[in-house]
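Overview (structure and organization)
Here is what each chain is made of, one letter per residue.
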Amino acid sequence: MKISFAARAGLASAAIAGLLLAAAPARAAGPVQNACLVIENETSDGVTVVVQNLLFQGESWKIGPNVTTILTNGNGNAIATADGDWSIQAPSGTWRYESDWDRDRGCNGSWVYTVS
C-alpha cells in the first residue's frame, strides 16, 4: 500500500511537533543567586535536560526514570545560577523553589523542575 505525499508530510509534521513538545523551553526566574538545579523525573522514561544558561549553555544531562537528582559538573560539584534564573530545554514540567535544599552542597537553595 502506497502512502500519499500529503499523508507522509502530515506524519513528518506530527513527528516534528512531537519532538518539539517533548523538549520545550522552561524557565525559572527569581532573585535567588547561587541557586542550584534539581530535576525530578517522575516518569517511567528517561529524560534529557539541556541547560541554556550562559555558563552551561548547551550542556545536557540524562535523567533516569523515577529519579530526583541535582545537576553537577564534571567534577561532581552542583551547578548554580549566577543571576537567579534557570533556562532549560526539557519535557513539559513544573518549577518550584526549595530554599532548604542542597545547602550542604554550597547552594542557596535549589530550583526544582518536575517532569511528570
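Here the structure is a predicted model, which is why all the values come from computation and not from measurement. (Residues numbered from 1 in each chain as written. Predicted model: local features only at pLDDT ≥ 70, side-chain atom pairs only at ≥ 80, totals over all residues. Heavy atoms only, no water.)

Some words on unusual backbone geometry
A positive phi angle, near 65°, is found at Asn34, a position not held by glycine. Structurally, Asn34 is set in the loop between β1 (24-28) and β2 (36-41). With relative accessibility at 35%, the residue Asn34 sits in the partly exposed group. Residue Asn66 is not a glycine yet carries a positive backbone phi of 50°. Here Asn66 is to be found in the loop between β4 (60-63) and β5 (67-70). (Helix = DSSP H or I, 4+ residues; strand = E, 2+ residues; numbered from the N terminus. Buried < 20%, exposed > 50% of the residue type's maximum accessible area, 1.4 Å probe, protein only.)

Details of the pairing of β2
Regular strands place side chains that alternate from one sheet face to the opposite one. Counting buried positions along β2 yields six of six residues, so the element is predominantly enclosed. With burial as the criterion, each face of β2 is covered, one bearing Cys36, Val38 and Glu40 and the other bearing Leu37, Ile39 and Asn41. With six bridges connecting them, β2 and strand β8 (residues 110-115) associate as parallel partners. Residue pairing for β8: Val38 is matched across the bridge by Val112. Sheet topology places β2 next to β5; four bridges connect them, and they run antiparallel. Looking across to β5, one finds that Ile39 is bridged to Thr69. (Pairing = 2+ DSSP bridges.)

As for the sheet that holds β8
The sheet built from four strands is open, its strands ordered β5-β2-β8-β7 with mixed pairing. Looking at which strands have only one partner, the edges of the open sheet turn out to be β5 and β7 (94-98). Each strand of the sheet is rotated relative to its neighbour by a mean of 20°, with strand direction disregarded. (Axes fitted to C-alpha atoms, helices over the stretch in contact; angles between N-to-C directions.)

Brief notes about the packing of aromatic side chains
Going through the model one piece at a time under the given rule, you end up with four aromatic pairs. An aromatic cluster is present here, built from Trp95, Tyr97, Trp111 and Tyr113 joined pairwise through their rings. (Phe/Tyr/Trp six-rings, centres within 6.5 Å; stacked < 30°, edge-to-face > 60°.)

Quick notes on the nonpolar core
With 20 residues, the main nonpolar core has Ile39, Val51, Leu71, Trp86 and Ile88 as its most contacted residues. Aside from chain neighbours lying at most four places away, what touches Leu71 is Leu37, Ile39, Val49, Val51, Trp61, Ile63, Asn77, Ala78 and Ile79. Counting seven residues, the second largest nonpolar core, distinct from the first, contains Val38, Ile70, Cys107 and Val112. (Core = buried A, V, L, I, M, F, W, Y, C linked by side-chain atoms within 4.5 Å. Contact = heavy atoms within 4.5 Å.)

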